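This is what each chain is made of:
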Amino acid sequence: MKPHHKIFLIALALLLVVINAHCQTKMTEGRIVYKLNNIESIDKKLFDTDIDSEKIFSFKGFKQRLDLLPTDSVANCIIYNDSLQQTISLGYFLNKITALVQSYNSSYKQNLKLPVKTYKYLNESKIICGYKCFKAEYKIDGDTGNYYLYYTKDILDSIPFYVKDYFMGLDGFPMEYNEEISWGYLIYAVTNVSKGKIDDNIFLIPMGYRYLNADNWDK
């Protein structure tokens, strides 16, 4: 092998290593935004304000926050703190803005029995937010709906708790998926993946919220 050919192959190998390291995104801090991308096809007369047009996942270390928009003028979100094994739900409760605190031992997350999903992985692919994504169809036990999603293997270790629970067993990170409602399907797709710094204050209870501890209700 000629020296310049050998140098070229070594450079090419190093380039592939760099590209692969860039693609395998191990995110410990950042934000992932899902948006309802078929909102224009939904009949406005049927549009329910409880349907989320946007889902924003913010995460930093052991903390994650899921914002559901829009619902009303008050933030509707769930804050997860895995080190404390605790969730904080912010929203209206008994007509007051409330921070409902629950430990994992008493919260739905610990006791939730999700129906089993069976995935069929397909060869179809597309690019979403710069990530190569592959299509999968899946069935939910006891459900006759037609479900699909696109997933990527290029985002690691940062799957939000909500998404990780809902798509348990998926071989990758969900970048687009559909949800069935009474009169059709909603389609959510990732529109932004940010690796920027996250303010610690978003994981705290805001001023003016009534504090309720669900763990003490039965005591």
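Residues numbered from 1 in each chain as written. Predicted model: local features only at pLDDT ≥ 70, side-chain atom pairs only at ≥ 80, totals over all residues. Heavy atoms only, no water.

## What to know about unusual backbone geometry
Consideration 1: A positive phi angle, close to 55°, is found at Gln85, a residue other than glycine.
Consideration 2: Mapped onto the elements of the fold, Gln85 is located in the loop between strand E5 (77-81) and strand E6 (86-93).
Consideration 3: A relative accessible area of 37% places Gln85 in the partly exposed class.
Consideration 4: Within the chain, Cys129 stands out as a residue other than glycine whose phi angle is a positive 55°.
Consideration 5: Among the secondary structure elements, Cys129 is positioned in the loop between strand E8 (117-128) and strand E9 (131-140). (Helix = DSSP H or I, 4+ residues; strand = E, 2+ residues; numbered from the N terminus. Buried < 20%, exposed > 50% of the residue type's maximum accessible area, 1.4 Å probe, protein only.)

## Focus: the confidence of the model for the chain
Consideration 1: Per-residue pLDDT for the chain has a mean of 76; in total, 69% of the residues score no lower than 70.
Consideration 2: Note that pLDDT drops below 50 for residues 3-23; the model gives that stretch three contacts with residues more than four away or on any other chain.
Consideration 3: Of the regions scoring below 50 in pLDDT, residues 106-111 engages in 13 contacts with residues more than four places distant in sequence or in other chains. (pLDDT = per-residue confidence, 0-100. Contact = heavy atoms within 4.5 Å.)

## Some details on the pattern of salt bridges
Consideration 1: By the definition in use, this model includes eight salt bridges.
Consideration 2: Close ionic contact of Asp67 with Arg65 constitutes a salt bridge, the shortest N to O distance being 2.8 Å.
Consideration 3: Accessibility expressed as a relative area gives 12% for Asp67, which makes it buried.
Consideration 4: Classification of Arg65 as buried rests on a relative accessible area of 12%.
Consideration 5: Each of Glu29, Lys60, Lys197 and Asp200 takes part in one network of salt bridges that share partners. (Salt bridge = Lys/Arg side-chain N within 4 Å of Asp/Glu carboxyl O.)

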